[in-house]
Amino acid sequence: MKKPPLLISACLAGKNCRYDASSATLSCLAELREHYELIEVCPEQLGGLLTPRPCTELVKERVLTKDALDFTEQFLSGAKKALLIAQLQACNIALLMERSPSCGSHTVYDGTFSGTLIEGEGVFAHLLRQMGFAIYTAQTIEVLMKANTAWCESEPR
Ligand code: SF4
């Protein structure tokens, strides 16, 4: 049976693409692959940023390093490219890494580089939400799996 496409932060899918070249691999990745066709994207890499790269946080409308280097344009460019990849595969759901200045969809760091979290969303998550994507996180995977069951039941055999 055809599996529905799911856009996923590449670091959640095991890629060492985080700023410090680590991953955040989901423990249920194999199960997720059974239910979804995963489309792995790292918007920061797609924006041309290297791995490893400096740590960044959202500061008002910009994406800055602690030393105030401005990576906003790279983040925006990578988010648009990742969106296009999803759209080409008719994907409208995403599973995103929380707290990232790109992929964070509920919480992000507050821009003081002190480890303080606030409510907010990263550049990529914001774009996806504007485009009507349903966004899930590692904390809401169970809901995502239920959505898959509903999709399978409605799909013609
Ligand atoms: S941009 Fe997204 S996919 Fe890339 S490392 Fe950061 S959280 Fe993971």
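Above: the structure in question.
It should be emphasised that the depicted structure is a prediction, and the values quoted were computed from it without experimental measurement. (Residues numbered from 1 in each chain as written. Predicted model: local features only at pLDDT ≥ 70, side-chain atom pairs only at ≥ 80, totals over all residues. Heavy atoms only, no water.)

A. Unusual backbone geometry, seen in detail. Residues Thr51 and Pro52 are joined by a peptide bond in cis, for which omega reads 0°. Of note, the phi angle at Ala21 is positive, near 65°, even though the residue is not glycine. Following the sequence through the fold, Ala21 ends up in the loop between β1 (5-9) and α1 (29-35). With a relative accessible area of 33%, Ala21 lands in the partly exposed category. The backbone of Ala68 shows a phi angle near 70°, a positive value even though the residue is not glycine. Tracing the backbone shows Ala68 in the loop between β4 (62-65) and α3 (72-88). Looking at Ala68, the relative accessible area reads 53%, which means it is exposed. (Helix = DSSP H or I, 4+ residues; strand = E, 2+ residues; numbered from the N terminus. Buried < 20%, exposed > 50% of the residue type's maximum accessible area, 1.4 Å probe, protein only.)

B. Fine view of the sheet that holds β1. Taken in spatial order, the 4 strands line up as β2-β1-β5-β8 in an open sheet, and their pairing is parallel. A single partner strand is all that each edge strand has here, and the edge strands are β2 (37-41) and β8 (134-136). Geometrically, the sheet is characterised by an average inter-axis angle of 25° between neighbouring strands, direction not taken into account. Inspection of the sheet shows β1 paired to strand β5 (residues 93-95) by 2 bridges, in the parallel sense. Opposite Leu7, over in β5, you have Ala94 as the bridge partner. In the packing of helix α4 (residues 123-130) onto the sheet, contacts are made with β1, β2, β5 and β8, and the angle to β8 comes to roughly 145°. (Pairing = 2+ DSSP bridges. Axes fitted to C-alpha atoms, helices over the stretch in contact; angles between N-to-C directions. Contact = heavy atoms within 4.5 Å.)

C. Seen up close, the nonpolar core. Ranked by internal contacts, the top residues of the largest apolar core, which has 45 residues, are Leu7, Leu26, Leu32, Leu95, Phe124, Leu128 and Phe133. Looking at this core, the elements with two or more residues in it are β1, α1, β2, α3, β5, α4, β8 and α5 (141-154). Leave out the neighbours within four places in its chain, and Leu32 touches Leu6, Ile8, Leu26, Leu38, Leu95, Leu144 and Met145. (Core = buried A, V, L, I, M, F, W, Y, C linked by side-chain atoms within 4.5 Å.)

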